[in-house]
Amino acid sequence: MLLLAALQSRPMHGYAIIEYVRQASAGQFDYAEGTIYPALRRLEDDGLVHSRWSETEGRRRRTYDISAKGERALSGHRSEWRRFTKGVEAVLEHG
Amino acid sequence: MDERTTTADPVPRDVYLRDVAGRLAGSRRTRTRLLAEIRDHLDDAAAANRSAGMHPLQAEQRAVELLGNPASLAEGWEARCSRLRRRRRGRAAMLIATSAIASILAAAQHADGHRDPAATAARCRVARSSTAADCRPPGS
C-alpha cells in the first residue's frame, strides 16, 4: 500500500520510492531497503504498477508508475485502512 | 584518483552484487534487471552518503548495510518467483480443463449431427408417453 501511495504522487525508481516513504513517514519505517525490489515486482506481476527504463539525470533507471488497476486497489486499501484505524482509535478512546 | 583504487580491499558494492547474484533464481533476463536496479540503488545511496560528508568507502558500506542481508533479498525474490510459478501452473491447468470440456462438447455435437432428425423427433413423441431419457443428447 505504501509503495502504491508513493507512486501515486509521481513515477519513481526504487531508491526514490524509499526516500519518499522515509521523508513522508518521518523515518517511521525501518526495513531492509532491498526488500522493495521483489515487492515492486510482485505489484508488477499483479498489474498494479508498470515499469520501464528511463533516462534520469543522465543515467538509465527502471522507473515505476501506478496503473489504473493500482489506483483502484490503493483506493480500496485506503478505505480499509481508515476503517481499521478508526476502529482502533474508538477502542483506545473508550478505554 | 578514487581512494578505493589505492586499497586491495574488494569494493563493497561489487561484493554485495556478486553475493546476491549467486542466490537469485529465475530467468537470466529478470535477474539481470534486478541486479541492475540494485546497482543503481547502491550508486544513488552511496552518492547521497558522500554528499552528506561520508568518506567514499564508508558511504558505500553504509549503502550496502541499508540494503540488507543478501539472503533476505534472495528469499523475497524466491517468494515472488514461487508465486508466479504457482499462478502459471494454475493458468495451464485451467487451459487444459477448458480444452478438454470443449473437445467433449464438440464430439457430442458431432455425434448428434449424424442422427436422422425425423427419427429423433419420432423417438421424442414416444418419449412423451414414457420417459424423456431418450431425448437427451448422446453421451449425456
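Only a predicted model underlies this, so the values are computations on that prediction, with no experimental measurement involved. (Residues numbered from 1 in each chain as written. Chains lettered and ligands numbered in written order. Predicted model: local features only at pLDDT ≥ 70, side-chain atom pairs only at ≥ 80, totals over all residues. Heavy atoms only, no water.)

**Q** Hey, could you run me through the confidence of the model for chain B in this one?
**A** Segments scoring low in pLDDT should not have their predicted coordinates read at a detailed level. Residues and elements named next belong to chain B. Model confidence for chain B is summarised by a mean pLDDT of 79, while 74% of its residues fall at 70 or above. Of all the helices and strands in chain B, helix α5 (residues 117–129) carries the lowest mean pLDDT, 58, while helix α3 (residues 56–67) carries the highest, 94. Across residues 1–7, where pLDDT falls below 50, the model places six contacts with residues more than four positions away in sequence or in other chains. Throughout residues 129–138 the model reports pLDDT below 50, and contacts reaching past four residues in sequence, or to other chains, amount to nine contacts. Among the prediction metrics, the complex's ipTM stands at 0.85, with pTM recorded as 0.73. (pLDDT = per-residue confidence, 0-100. Helix = DSSP H or I, 4+ residues; strand = E, 2+ residues; numbered from the N terminus. Contact = heavy atoms within 4.5 Å.)

**Q** Sorry if this is basic, but what is going on with the pairing of strand β2 (residues 49–56) of chain A here?
**A** Strand direction decides the pairing type here: β2(A) and strand β3 (residues 59–66) of chain A, joined by eight bridges, are antiparallel. Paired with Arg52(A) across the bridge in β3(A) is Thr63(A). (Pairing = 2+ DSSP bridges.)

**Q** Looking at this model, I keep getting lost on the nonpolar core. Mind explaining?
**A** Grouped burial of nonpolar side chains is what soluble globular proteins tend to show. Counting 37 residues, the largest nonpolar core has Leu7(A), Ile17(A), Leu40(A), Tyr16(B), Ile38(B) and Leu42(B) as the members making the most contacts within it. Broken down by element, the residue count for this core peaks at six residues, all from helix α2 (residues 28–51) of chain B. Those residues in contact with Tyr16(B) that lie beyond four places of it in its chain are Ile38(B), Leu42(B), Val64(B), Leu67(B), Gly68(B), Asn69(B), Pro70(B) and Leu73(B). (Core = buried A, V, L, I, M, F, W, Y, C linked by side-chain atoms within 4.5 Å. Buried < 20%, exposed > 50% of the residue type's maximum accessible area, 1.4 Å probe, protein only.)

**Q** Explain the sheet that holds β3(A) to me, please; I cannot follow it from the model alone.
**A** Backbone hydrogen bonds are what pair the strands of a sheet, in a parallel or an antiparallel way. Pairing in this open sheet of three strands is antiparallel, and the strands run β1-β3-β2 (chain A) from one edge to the other. Looking at strand neighbours, the two that pair on one side only are β1 (12–13) and β2 of chain A, the edges of this open sheet.

**Q** Just to check I follow, could you spell out the interface of chain A and chain B for this structure?
**A** How big an interface is tends to be stated in terms of accessible area lost as the parts join. Across the boundary between the two partners, chain A contributes 21 residues, which contact 22 residues of chain B. Buried surface at the junction of chain A and chain B, both sides included, amounts to about 2000 Å², of which 51% is carbon and sulfur. Our enumeration of links across chain A and chain B arrives at nine salt bridges. A salt bridge links Asp44(B) to Arg61(A); the nearest nitrogen and oxygen atoms lie 2.9 Å apart. (Buried area = accessible area lost by both parts, 1.4 Å probe. Salt bridge = Lys/Arg side-chain N within 4 Å of Asp/Glu carboxyl O.)

**Q** I tried to follow the environment of Ala47(B) on my own but got confused; where do I start?
**A** If you trace the backbone, Ala47(B) turns up in helix α2. Put simply, Ala47(B) and Ala59(B) are twelve residues apart on the chain and 7.4 Å apart in space, counted from C-alpha to C-alpha.

**Q** Whenever I open this one, the packing of aromatic side chains confuses me. Can you help?
**A** How two aromatic rings sit relative to each other is given by the distance of their centres and the angle of their planes. Within this structure, the stated rule accounts for one aromatic pair over all chains. Pairing Trp81(A) with Phe84(A) gives two aromatic rings, centres 5.5 Å apart and planes at 35°, and the pair type is tilted. Highlighted residues: Trp81(A) and Phe84(A), both in helix α4 (residues 68–94), separated by three residues, approximately one helical turn. Arg80(B) extends its terminal NZ or CZ atom over the ring of Trp77(B), reaching a point 4.9 Å from the ring centre. (Phe/Tyr/Trp six-rings, centres within 6.5 Å; stacked < 30°, edge-to-face > 60°. Lys NZ or Arg CZ within 6 Å of the ring centre and 35° of its normal.)

**Q** Is there a simple way to think about the pattern of salt bridges in this case?
**A** Think of it this way: side chains of opposite charge can pair up when their charged atoms draw near. Evaluated as defined, the whole model comprises 17 salt bridges over all chains. The closest approach of N and O atoms between Arg41(A) and Glu37(B), which form a salt bridge, is 3.6 Å. Placement of the pair is Arg41(A) in helix α3 (residues 36–45) and Glu37(B) in helix α2, with the two residues belonging to separate chains. Comparing Arg41(A) with Glu37(B), the two get one shared label, buried. Between Arg13(B) and Asp14(B) there is a salt bridge whose closest N-O contact spans 3.2 Å. Residues joined in a network through salt bridges with shared partners are Arg59(A), Arg61(A), Arg13(B), Asp14(B), Asp40(B), Asp43(B) and Asp44(B).

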